[in-house]
Amino acid sequence: MLTSHAKAQDSTHSMTLTALQKRVAREIIAYVRHERLPVGHHLAESQLAQTLNTSRTPVKLVLGHLTERGMLKHDRNRGFFLARAADDLNDLVLEIAEAEEHSVYMKFVELRVARQLPEHISEIDLMRQFDVSRSELRSALLRMQQEGWAEQRTGQGWKMLPVIDSVEAYEESFTFRVTIEPAGLLSPTFQVDQKVLALCRQQQEYIAETGYLSMTTQELFEANSKFHEILAGFSGNRFLLQSLKRLNGLRRLVEYRVDLPRPTRRKQVLEHLEILDLIERGDRLGAADRLRAHLEGARRNKLNPALLERLGLQSED
């Protein structure tokens, strides 16, 4: 059990990371947990950079940080190896999540969902408002741009783009998904990548067995998004996949704050596994019907008045 002094040291370690490095750290830990990697597993910088769709520089810095934190061991000649079991990383997950909770990015999220950000903003004004450096601010703004809810205007600062900031917009996001995702399973260009499917099943089985009890809301959202994006990727329709990825980027603003009961989370994952069973049997029509029902169930769970009130989403009327 950590002493108060050790906890203070932990917090200090996490806060030395930049916003980008915190995100990479969270994603590396999530990857280790999702894949249930064993102690001694080699974590290659190049592979992680490719998996996380980022450059090797932040990956290398974060691996060094996680070595200091005891998660990894480093061999000068062979690289980084897992020193702690995937199921024994809850303290690091909570540490990174707590650090990100107070990040500039999360401040933007709160203001945007509350409709308290102007449509056009300048970096100078934001640096004064948040009392942060330009590099930390730009890291948050670039993440927002990548997720599709901010756009840099040449010589004119930044423009805020439409997001899920109302009950109607939230419901429209589900309506759109119900329209495109089942259709993707019935696409004439649909083709399963068996290796990807097996890894997807492994991750979903882990969550259904024990992961749903310990994973953070952010981890669960990312795992859920990955599942749906994998199915969209099987469709062979690049526009379907791009549309879903962009929508998932916008959903983060709301979904990171959706704390559904753990049994509900597990039920959703069990439905994922049922869909995978149907796909493996070649029953794409059955899988599409099951996916449609799954999305409708998620819509009902998340559009209940009590949850919407906690999220601060209001009607446009």
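Quick caveat: nothing in here was measured; it's all calculated off a predicted structure.

1. A few points about the pattern of salt bridges
Part 1 of the reasoning: Under the criterion given, the structure shown has 28 salt bridges.
Part 2 of the reasoning: When the shortest N-O distance is used, the salt bridge between Asp165 and Arg115 registers 3.8 Å. You can see Asp165 sitting in the loop between strand S6 (157-160) and helix H9 (167-185) and its partner Arg115 sitting in the loop between helix H6 (104-113) and strand S4 (120-121), a full 50 residues away along the chain.
Part 3 of the reasoning: Looking at Asp165, the relative accessible area reads 13%, which means it is buried.
Part 4 of the reasoning: With a relative accessible area of 44%, Arg115 lands in the partly exposed category.
Part 5 of the reasoning: Among the charged side chains, a salt-bridge network with shared partners connects Arg201, Glu205, Asp277 and Glu280.

2. Remarks on the domain arrangement of the chain
Part 1 of the reasoning: Domain assignment breaks the chain into domain 1 (19-93), domain 2 (103-160) and domain 3 (167-309).
Part 2 of the reasoning: Centre-to-centre separation of domain 2 and domain 3, based on C-alpha positions: 29 Å.
Part 3 of the reasoning: Taken together, the contact pairs eight residues of domain 2 with seven residues of domain 3.
Part 4 of the reasoning: Both sides together, the interface formed by domain 2 and domain 3 hides about 730 Å², and carbon and sulfur atoms give 66% of it.
Part 5 of the reasoning: Viewed at the interface, domain 3 and domain 2 are joined by zero salt bridges.
Part 6 of the reasoning: Across the domain 2-domain 3 interface, the total number found is one residue pair in polar contact (both at pLDDT 80 or more).
Part 7 of the reasoning: Elements with a minimum of two residues in the side of domain 2 that touches domain 3: H6 and helix H8 (134-147).
Part 8 of the reasoning: Here the element with the most residues in the side of domain 2 that touches domain 3 is H6; it accounts for four residues.
Part 9 of the reasoning: Here the residues of the side of domain 2 that touches domain 3 sort into four nonpolar, one polar and three charged.

What counts and what doesn't
Residues numbered from 1 in each chain as written. Predicted model: local features only at pLDDT ≥ 70, side-chain atom pairs only at ≥ 80, totals over all residues. Heavy atoms only, no water. Salt bridge = Lys/Arg side-chain N within 4 Å of Asp/Glu carboxyl O. Helix = DSSP H or I, 4+ residues; strand = E, 2+ residues; numbered from the N terminus. Buried < 20%, exposed > 50% of the residue type's maximum accessible area, 1.4 Å probe, protein only. Domains from an automatic or database assignment. Contact = heavy atoms within 4.5 Å. Buried area = accessible area lost by both parts, 1.4 Å probe. Polar contact = N/O pair within 3.5 Å; in protein donor to acceptor, adjacent residues only side chain to side chain. Nonpolar A, V, L, I, M, F, W, Y, C, P; charged D, E, K, R; others polar.

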